[in-house]
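Structure assessment
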Amino acid sequence: MTVLGTSMKLAVVALTGLSLSACATEDYVDKQIATVNDRITALEGRVGQVDQAAQAANAAAQAAGSSAQQANQRIDALTSRVDGIEQRLSSKRPRN
Amino acid sequence: MISRALAPAILFAAIPIGASAKPAPAPMRIVADAGPATPSDPVLRVTGWVINAQDNGGLPFIIVDKVAATIFAFDAGGTLVGSAPVLIGIGKGDDSAPGVGDKALSRIPVSQRTTPAGRYFAKYGFASRNEQVLWIDYANAVSLHPVITSNAKEHRLQRLRSPSPDDNRITYGCINVPKSFYAGVIRPLFKPKGGVAYILPESRPLEQVFAAASIQRGQVGVPVSP
């Protein structure tokens, strides 16, 4: 009877200990997950900002390319006009 | 002072390389009788850029490979329609000496008899003696015309026929092409509205002359019907 009582007391103590330990571990994990979640949220925000910046840069590059092409064609037209005027004034001899 | 030939290259230099969202260039199209010349890697790169960026503005264009002494002619849609050997300036270099376009030929030293590299708007126009030539760089008196044979000592026809590009340097800066190529390819392409001439460098890096050409590489080998 005494031996059985002692065993039961030990089992109760062990279970209580295990139970308390489990609670502490879950709390720790929750905190860690919360920290990671915060970092993920922050990173998502930064990724969004970088994505927006990249899209803006790409749009600007395309606009610059278009402008350069338009400028090229204007230069072509101007070159043709200037050459035409120069040729009326004096025809050059080609460097054969 | 920035030459007109360099201005477009400088404009393109402001574009970040690789920033274009345009699709990769289509394979270079070639007509069946476009000539035996094989485009070099620089020719393919510039061709890919021109077609992809539509830099020719809907006009025919030529690419002159000074190192290989070869010209490649494309129609307005970017199809290679002909190639031929060329004679170019005897002086090595990619620039024109200041004032060289106004000097008498006999007063131009060999070192200044260069064919300048760059992008040019080429158009038919009058030259002295009331003749018409395809002007490449009027200010510097660089034109493209049929091979000149008036000075037999220069052996220009023999130089055009020889397989080596090493002896194709004889002119004062102009580009000479075979008469049949001029009449059959150049004149029909450029006489109506002119076109664009891309003269590849031999001393300076390709990207320095055609900054945007480093964006894309062309592809070759898909023939089309003439």
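To start, this report covers the structure provided alongside it. Small disclaimer: the values here were computed from a predicted structure and weren't measured. (Residues numbered from 1 in each chain as written. Chains lettered and ligands numbered in written order. Predicted model: local features only at pLDDT ≥ 70, side-chain atom pairs only at ≥ 80, totals over all residues.)

For chain A, the helix and strand inventory stands at 1 helix and 0 strands. Among the 96 residues that make up chain A, the fraction classed as buried is 10%. (Helix = DSSP H or I, 4+ residues; strand = E, 2+ residues; numbered from the N terminus. Buried ≥ 20, exposed ≤ 12 C-beta atoms within 10 Å, placed from the backbone.)

As a general feature of sheets, a regular strand has side chains that alternate between the two faces. Residues and elements named next belong to chain B. Across the 5 residues of strand β3 (residues 70-74), 5 count as buried, placing the element largely inside the fold. Neither face of β3 is exposed, since T70, F72 and F74 on one face and I71 and A73 on the opposite face are all buried. As defined by bridge partners, strand β2 (residues 61-65) adjoins β3 across 5 bridges and the pair is classed as antiparallel. What sits directly across from F61, in β3, is F74. Hairpin connection between β2 and β3: a loop of 4 residues separates the two successive antiparallel strands, and A69 in this loop has a positive phi of roughly 50°. In this sheet, strand β4 (residues 79-85) lies alongside β3 in antiparallel orientation, the contact comprising 5 bridges. Across the sheet, residue A73 finds its bridge partner in β4, namely G82. With antiparallel pairing between neighbouring strands as the criterion, β3 and β4 make up a hairpin whose turn holds 4 residues, including G78 at a positive phi of roughly 90°. (Pairing = 2+ DSSP bridges.)

The next point concerns helix α2 (residues 41-53) of chain B. Residues and elements named next belong to chain B. With 13 residues, α2 extends 18 Å between its outermost C-alpha atoms, agreeing within 8% with the 18 Å of an ideal straight helix rising 1.5 Å per residue. Of all 13 residues in α2, 12 are buried; the element is thus mostly enclosed. Taken as a whole, α2 has its buried residues at P42, V43, L44, R45, V46, T47, G48, W49, V50, I51, N52 and A53. Remark: Q54 follows α2 within two positions and exhibits a positive phi of approximately 50°. (Expected span 1.5 Å × (residues − 1).)

Bringing unusual backbone geometry into the picture now. One non-glycine residue, B:Q54, adopts positive backbone phi at about 50°. Topologically, B:Q54 is positioned in the loop between α2 and β2.

Let us now look at helix α4 (residues 179-190) of chain B. Residues and elements named next belong to chain B. Those residues of α4 that sit buried are F181, V185, I186, L189 and F190. Along the axis of α4, the buried positions cluster into a sector of 100°, meaning they face one direction only. Residues of α4 that are exposed and angled more than 90 degrees away from the buried face: S180 and A183. (Arc of directions from axis to C-beta.)

Take the pairing of strand β7 (residues 132-137) of chain B next. Residues and elements named next belong to chain B. Among the 6 residues of β7, 5 are classified as buried, and the element is accordingly described as predominantly covered. Of the strand pairs in this sheet, strand β6 (residues 118-126) and β7 are connected by 4 bridges, and their pairing is antiparallel. Note that in β7 the partner of G125 across the bridge is V133. With antiparallel pairing between neighbouring strands as the criterion, β6 and β7 make up a hairpin whose turn holds 5 residues, including R129 at a positive phi of roughly 65°. In the sheet, β7 pairs with strand β8 (residues 142-146) via 3 bridges, with the strands oriented antiparallel. Paired with D137 across the strands is V142, a residue of β8. Remark: 4 residues form the turn of the hairpin made by β7 and β8, two consecutive strands paired antiparallel; A141 in that turn has positive phi of roughly 60°.

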